[in-house]
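Chains, contacts and geometry: an overview
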There are 2 protein chains.
Amino acid sequence: MPAATPAPVVLALAAALGSSVVTDAAALRDAQADKSGHRSAVPPLAVVAARTVAEVQQTLRIASAHGTPVVTRGAGTGLAGGAIGSAGEIVLSTLAMDRLLEVNAADELAVVEPGIINAALNEQLAPHGLWFTPDPASRAISTVGGNIATNAGGLLCAKYGVTRDSVLGLTVVLADGRLLELGHRSVKGVTGLDLTALMVGSEGTLGVIVEATVRLRRLVPGITPTIGAYFADVRAAAAASAAVTAAGIRPAVMELVDAASLDAIGALLGLPLRERGAAYLLVQTDGAAAEAEAAQLLALLAAAGGTAELTTDAAEAARLLEVRRAMHPAMERLGTTLIEDVAVPRSALPAMFDAIAAIERKYGMVIPTIAHAGDGNLHPNFVFEGPDVPEHVWQAADEMFQAAIALGGTLTGEHGIGLLKRRWLRGELGDEQFELQQQIKRVFDPAGILNPGKVF
Amino acid sequence: MPAATPAPVVLALAAALGSSVVTDAAALRDAQADKSGHRSAVPPLAVVAARTVAEVQQTLRIASAHGTPVVTRGAGTGLAGGAIGSAGEIVLSTLAMDRLLEVNAADELAVVEPGIINAALNEQLAPHGLWFTPDPASRAISTVGGNIATNAGGLLCAKYGVTRDSVLGLTVVLADGRLLELGHRSVKGVTGLDLTALMVGSEGTLGVIVEATVRLRRLVPGITPTIGAYFADVRAAAAASAAVTAAGIRPAVMELVDAASLDAIGALLGLPLRERGAAYLLVQTDGAAAEAEAAQLLALLAAAGGTAELTTDAAEAARLLEVRRAMHPAMERLGTTLIEDVAVPRSALPAMFDAIAAIERKYGMVIPTIAHAGDGNLHPNFVFEGPDVPEHVWQAADEMFQAAIALGGTLTGEHGIGLLKRRWLRGELGDEQFELQQQIKRVFDPAGILNPGKVF
């Protein structure tokens, strides 16, 4: 316990939940930040590390009675500040609720608690020949509950859908502690409004997910050919990736790495990557047509000006993948990174790279950018010194958001609004939809205790 | 104009919209019914056959000013009474807004008006090598707007998803005439609450869909093998279909026809179908693995006790498909039909058929049933004399709904709640979710003029 007298809400929680209520300084400090680099100014009052649905319900009943805000949190791997605790708030962690409750191969579904790590779930599913397709880059460290709360994307969305498409049903605790069962175990179901879909991506503002029934796929059999291709410039690589989609091929993975990213990755790996080109495209195909598609892709990428190599050898493939995988550690060596997340229609990828280049020139900055090119989802990285995003970076980001929206896209493809993009939400939604969304939020949470100041 | 003095709201609509406002008796009579067989007791005040977004907005502004209920309607092919007009109501038809506004092959999307017929859209997409996957059995006569308003299913959902998975963005007119743009043109996007998904399946209770941006797929190349298999009883056929899913195969189509259905279909077609078995399973595979999967299926169905034949010949395939396609006309010869629509997890198909058999015995009735077996979606047909569903049929249906829900399913897989299933909605949702859904409805439509008495 801290030296100061605990707040009444913390005393009430401790009385009800005992050791699940944590107030040591390290735990509170951890709950002030996520993977965005952002940190709140003041620690939250306490962390409740819930172990059961009943504990979540009790936490919300007590918080409601005290009018105390509750920030739901999984593994804290968010990139938008959506699960950051701050002054006067309770952080409700569902990380310890991490059981796989059921695997049903016949129905291709699983029932999970929210704290289960995405990769851990997939490890437990593999012996059944099954697979939970949402595949955020954070899969080794992020929870399924967090994936659902942010409608997480990843590398496979063009072919295998976004998280929303994999959620059949949810058990949710409302702000006042009531339990709600949404959805069903059948593939189809149209009984009333689709509150399951509404809950996916709601970033802790509508309720606390305490159980999820998720759709699974069979593991895709056969080999997964991998192609790495270098291009003379990013526009050529972007045009090539758009040509892949236009040719009617849906690769499992199609990732684009630009010149500034290759510089940093080459420096990290000690490899002369930039001698090979100024942009890199990594493509994988899977399924029954994988080899035929890969051969077609190889020809298509060469025709688009790429220097491409194809392999089905695991060690060779790992080498081609390593370039993309080294992006995040390469950025961390440069300074503090704000990883942005715009999405555009796939044909607009070249135009979006042009817009980023124009912003780089205008602001005199370098914006290393990678893209889930198969989805039209770009992650431009703003690098700066110190913990706080400088205002000129936000100005540059603002221009980037406007460019993405003007191209028919959005200011966040998969990371969410959280804290960091709140000021742009109204601009994209428009006043009327913004008001409507706030009213829906109030239906679920009339007192406004669920993740206040996030999203809205 | 009818002989009676038109209501003030009709005069106001006619003054504003001229010939788009229709009040002749035939048009009003048509708007009193849909394909459910249900008919309202009293005709609506008028039908507005809107041709533009502006006309939809004007209609809603005028209806709001007069406090007049508005029933949005497409082709009137619904099976739950969701678009039926009644006393004191305006029926707002979007059937004339039927343009394909854009096809974008590079982004695999189309922009459509709501009145476009599903099959007509697909005819226009085919030359581009593209395809809108939602495939309700009504596709030749139902509109895309209606497909979206009901989150329509069909034969391909296990493999190709439900309508919701194909909707990227919607333009919606609210009850007061305001225009709302939801979603985006990119594959990904998590900006705020997912109101696009909420609107899908909302059955005209939240707003009027006036434009949709939909995801497309490339037409699946290659041949589509077709298998027809007869079984000794429906339980064996249901178990075989569950075994297909359990074996990890996702057929494009997997339809099950029971004995009573085969009796009626055989009589219609003049074929001795029942001599071949007491249940029929129709399966199609597609894509690069189609032939390998079909061969595997043939062995699997034989091992499950089926007498199966496989063909890749178009005329032979048509003969195998005809058995399933003749279901609806075969039912129409028997009397008035209430087509029910429960869905269960796929492994529960045999148990659901057992439950239907028990209801048949208890009520002394025959319930011909077909199933989208790949999705776990059953259509039991209640046949009776005269226009109105007899109370004992509703009692039997009630027991069927309870059985489906107890098996983890739902009382409507793809048809919606509309008028006909209102009294069961609260039972499936539970009191708390039911109240929450009504509150969300009020956020969109505070005066309650949008399709009142439907769904809620």
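These numbers were taken from a predicted model, which means no experiment stands behind them.

1. Looking at the overall build of chain A
Per the secondary structure count, chain A includes 16 helices and 19 strands. Taking 2.2 N^0.38 as the reference for a compact globule, 456 residues should give roughly 23 Å; the C-alpha atoms of chain A span a radius of gyration of 22 Å, in line with that estimate. Taken over the C-alpha atoms alone, chain A extends approximately 65 × 55 × 45 Å along its principal axes. Taking all 456 residues of chain A together, 59% fall into the buried category. Sequence separation of at least 24 residues holds for 71% of the intrachain contacts in chain A that already meet a minimum separation of 6. Carbon and sulfur atoms provide 54% of the accessible area of chain A, an area that totals close to 15600 Å². When the 34 positive and 47 negative side-chain charges of chain A are each reduced to one mean point, those points stand 2 Å apart.

2. Digging into the domain arrangement of chain A
Under the domain assignment used here, chain A contains domain 1 (8–93), domain 2 (100–218) and domain 3 (226–406). In this structure, domain 1 of chain A and domain 3 of chain A have C-alpha centres spaced 37 Å apart.

3. Considering the environment of L121 of chain B
When you line up the elements, L121 of chain B lands in helix α4 (residues 118–125). Apart from the residues lying within four places of it in its own chain, the contact partners of L121 of chain B are L100, V112, I116, F132 and V144 of chain B.

4. A few points about the interface of chain A and chain B
Contacts between the two partners involve 78 residues from chain A and, on the opposite side, 78 residues from chain B. Interface of chain A and chain B: buried area, both sides summed, is about 6500 Å²; carbon and sulfur atoms make up 56% of it. Counting the surface chain A buries against chain B, the share from its top three residues, K188, V190 and L193 of chain A, is 13%. Viewed at the interface, chain B and chain A are joined by ten salt bridges. R250 of chain B is paired through a salt bridge with E108 of chain A; the nearest N and O atoms lie 3.2 Å apart. Seen at the junction of chain A and chain B, the total is 40 residue pairs in polar contact (both at pLDDT 80 or more). Sorting the residues of the side of chain A that touches chain B by element identifies α6 (157–160), β9 (179–183), α7 (195–199), β11 (217–218), α8 (234–246), α15 (422–429) and α16 (431–444) of chain A as the ones contributing at least two each. Tallying contributions element by element places α16 of chain A first for the side of chain A that touches chain B, with eight residues.

5. Description of the sheet that holds strand β4 (residues 90–93) of chain A
All names here are of chain A. Across the sheet, which stays open at both edges, the four strands sit in the order β1-β2-β4-β3 with mixed pairing between neighbours. Edge strands, defined here as strands with exactly one partner in the open sheet, are β1 (21–22) and β3 (70–73). Taken together, the four bridges between strand β2 (residues 46–49) and β4 define a ladder with parallel strand orientation. Considered in β4, the bridge of A49 is made with S93. Its contacts with the sheet put helix α3 (residues 53–66) on β2, β3 and β4, and the angle it makes with β4 is roughly 165°.

6. Details of helix α3 (residues 53–66) of chain B
Residues and elements named next belong to chain B. If you check α3, its first and last C-alpha atoms are 20 Å apart, about what 14 residues at 1.5 Å a residue would give, namely 20 Å. Considered for burial, the residues of α3 that qualify are E55, V56, Q57, T59, L60, I62 and A63. Residue G67 follows α3 closely and has a positive phi angle near 65°.

7. What about helix α11 (residues 314–325) of chain A?
Residue and element names in this part refer to chain A. Helix length check: α11, at twelve residues, gives a terminal C-alpha distance of 15 Å against a target of 16 Å (1.5 Å per residue), a fit within 8%. Listed as buried for α11 are A317, L320, L321, V323 and R324. Taken around the axis of α11, the buried residues stretch over an arc of 140°, which confines them to a single face. Exposed and oriented more than 90 degrees from the buried face of α11 are A315 and R325. Taking the backbone nitrogen of A315 as reference, a side-chain oxygen 3.2 Å away marks D313 as the first, capping residue of α11.

8. Focus on the sheet that holds strand β8 (residues 167–173) of chain A
Residue and element names in this part refer to chain A. Ordered by their spatial adjacency, five strands build an open sheet running β5-β6-β10-β8-β9, and the pairing between neighbours is antiparallel. Every other strand in the sheet has two partners, leaving β5 (100–104) and β9 as the edge strands with one partner each. Here the average twist between neighbouring strands, direction ignored, is 10°. Examined bridge by bridge, β8 and β9 share five bridges and lie antiparallel to one another. The residue bridging T171 from the neighbouring strand is E181, located in β9.

9. Here's the deal with the pattern of salt bridges
In the structure shown here, the tally under the stated rule is 50 salt bridges over all chains. Notably, a salt bridge pairs E316 of chain A with R319 of chain A, separated by 2.8 Å at the nearest N-O pair. With E316 of chain A and R319 of chain A both in helix α11, this residue pair falls three residues apart, about one helical turn. Note on R319 of chain A: relative accessible area 37%, which makes it partly exposed. Note that R274 of chain B and D263 of chain B form a salt bridge whose closest N and O atoms lie 3.0 Å from each other. Taken together, the residues span a long stretch of sequence, with R274 of chain B in the loop between α9 (259–269) and β14 (279–284) and D263 of chain B in helix α9 at a distance of eleven residues.

Conventions we followed
Residue positions within a chain follow its written sequence, with the count starting from 1. Whichever chain is written first is A, and whichever ligand is written first is 1; the rest continue in order. A pLDDT threshold of at least 70 governs which residues receive local features in this predicted model, and a stricter bar of 80 or more applies before side-chain atom pairs are shown or counted, although totals over entire chains, interfaces and linings include all residues. Hydrogens and water are ignored here; the side-chain numbers use all heavy atoms of the structure. For the purposes of this entry, the term helix denotes a DSSP run of H or I that reaches at least four residues, the term strand denotes a run of E that reaches at least two, and both are numbered from the N terminus. Restricting the calculation to C-alpha atoms gives the radius of gyration, and the globule rule supplies 2.2 Å times the number of residues raised to the power 0.38. For the exposure calls, accessible area comes from a 1.4 Å probe over protein chains only, and a residue counts as buried if that area is under 20% of its type's maximum, exposed if over 50%, partly exposed in between. Contacts between residues were defined by any pair of non-hydrogen atoms, one from each residue, lying within 4.5 Å. Calculation of accessible area relied on Shrake-Rupley with a 1.4 Å probe; when residues are assessed, cover is drawn exclusively from the protein chains displayed. All tallies of charge rest on Lys and Arg as positive and Asp and Glu as negative; His and the ends of each chain are not included. Charged side chains are reduced to one point each, which is NZ for Lys, CZ for Arg, CG for Asp and CD for Glu. The source of the domain bounds is an automatic or database domain assignment. Note on terms: buried area is the combined drop in 1.4 Å-probe accessible area of two parts once they are placed together, counting the loss on both. Any carboxyl oxygen of Asp or Glu within 4 Å of a side-chain nitrogen of Lys or Arg constitutes a salt bridge here. Here a polar contact means two N or O atoms within 3.5 Å. Within protein one must be a hydrogen donor candidate and the other an acceptor candidate, and residues neighboring in sequence count only if both atoms are side-chain atoms. We treat two strands as partners when DSSP finds at least two bridges between them. Structural elements are reduced to axes, namely lines fitted to C-alpha atoms, with helices fitted over the stretch in contact, and the angle between N-to-C directions of any two is expressed from 0 to 180 degrees. Between the first and last residue of a helix there are one fewer steps than residues, each counted as 1.5 Å, and that sum is the expected span. To be clear, the arc concerns the directions from the helix axis to the C-beta atoms.

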